[in-house]
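Read off the chains here:
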Amino acid sequence: MTFGQIIQRIYDKLGLTAEATMVARMVNETTQEIASAAPWRFLEENTNHLFTTSQAEYTTGTSVANVLFLTASNGSPLDILSQHLFKDLYRADTTGTAAYPYVATLNGMNTLGQQSFRVWPLPAANSTGTMRYLRRVNTMTTDADEPSIPTQWHQLIVDGALSRFANHEDHEQLANYRAQFDAGLEKMKAVEPQVVVP
């Protein structure tokens, strides 16, 4: 279904003729909720990543929702440590260099929604590694836009948006819509392939 078709289904189910902005927002919120419910394989992507000489901190693009795995240019995986452990072990060493970094920590998102990470030791030379990540779902704005969720789960977006709208309007069918969405999401988790996060 397209964005316009999803909105029309919600309109038909609730008998709406207006509320376009609110329904569109609820469709996008539901799509995001589904996307963040599990590390879905359909959102997994790989890209090359440049490690720059003596640079510790890196920022991803806005399409990256979550970094899963980093490798150095020699193919060695970087161990991703918690921020606390990384700081305890490596905060005092800001000058150590090696051919390739071998540990990293994820710092969270900046105000633009870009994830950043730090590596240690500092790369001694420019090199290109890889980054495996989950991409963000696109915000739909035009009727022809299609969700980043596989087609067989588009009805789940409708169910979730119905639940959100019913909650907002204190609709008598709220419990039914929410139960239908929750059951559909559990079914999706049971059958849709997910990424194994190291």
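Just so it is clear, the structure is predicted and the values come from calculations on it, not from any experiment.

(A) Here's a closer look at the environment of N176. Residue position: N176 is located in helix α5 (residues 174–191). For the pair N176 and T151, spaced 25 residues apart in the sequence, the C-alpha separation amounts to 23 Å.

(B) Broad picture of the packing of helix α1 (residues 3–14) against helix α2 (residues 20–35). The interhelical angle for the contact between α1 and α2, taken along N-to-C directions, is 115°, at an axis separation of 10 Å. Accordingly, the angle class assigned to the pair α1 and α2 is roughly perpendicular. Relative to α2, the crossing made by α1 is right-handed. The residues of α2 that touch α1, namely those facing F3, I6, I7, I10 and Y11, are A20, V23, A24, V27 and N28.

(C) Region of the structure containing the layout of surface pockets. Considering only enclosed or pocket space, the largest pocket measures out at about 180 Å³ in volume. Around the largest pocket, the lining comprises 14 residues; the ones closest to its centre are F86, K87, Y90, R91 and R118. At the level of secondary structure, the elements contributing two or more residues to the lining of the largest pocket comprise α3 (83–90), β6 (103–109) and β7 (115–120). Here the lining of the largest pocket takes four residues from α3, the largest share from any one element. Per-class residue counts for the lining of the largest pocket are six nonpolar, four polar and four charged. In this model, the second largest pocket occupies a volume close to 150 Å³. Together, Q32, A35, S36, A38, L43, A65, N66, L134, R135, R136 and V137 line the second largest pocket.

(D) Spatial organisation of the side chain of T71. Summarising the element assignment, T71 is placed in strand β3 (residues 64–71). Note on T71: relative accessible area 11%, which makes it buried. At 2.3 Å, the side chain of T71 and the side chain of T130 are in polar contact. Excluding residues that lie within four positions of it along the chain, T71 makes contacts with F51, S76, P77, L78, G129 and T130.

Parameters and conventions
Residues numbered from 1 in each chain as written. Predicted model: local features only at pLDDT ≥ 70, side-chain atom pairs only at ≥ 80, totals over all residues. Heavy atoms only, no water. Helix = DSSP H or I, 4+ residues; strand = E, 2+ residues; numbered from the N terminus. Axes fitted to C-alpha atoms, helices over the stretch in contact; angles between N-to-C directions. Parallel < 35°, antiparallel > 145°, perpendicular 65-115°, else oblique. Left-handed = near helix turned anticlockwise from the far one by under 90°. Contact = heavy atoms within 4.5 Å. 1 Å grid on protein atoms, 1.4 Å probe; cavity = no way out; pocket = protein on both sides within 12 Å on 5 of 7 lines; lining within 4 Å. Points joined across faces, edges and corners; volume = space filled by probe spheres on them. Nonpolar A, V, L, I, M, F, W, Y, C, P; charged D, E, K, R; others polar. Buried < 20%, exposed > 50% of the residue type's maximum accessible area, 1.4 Å probe, protein only. Polar contact = N/O pair within 3.5 Å; in protein donor to acceptor, adjacent residues only side chain to side chain.

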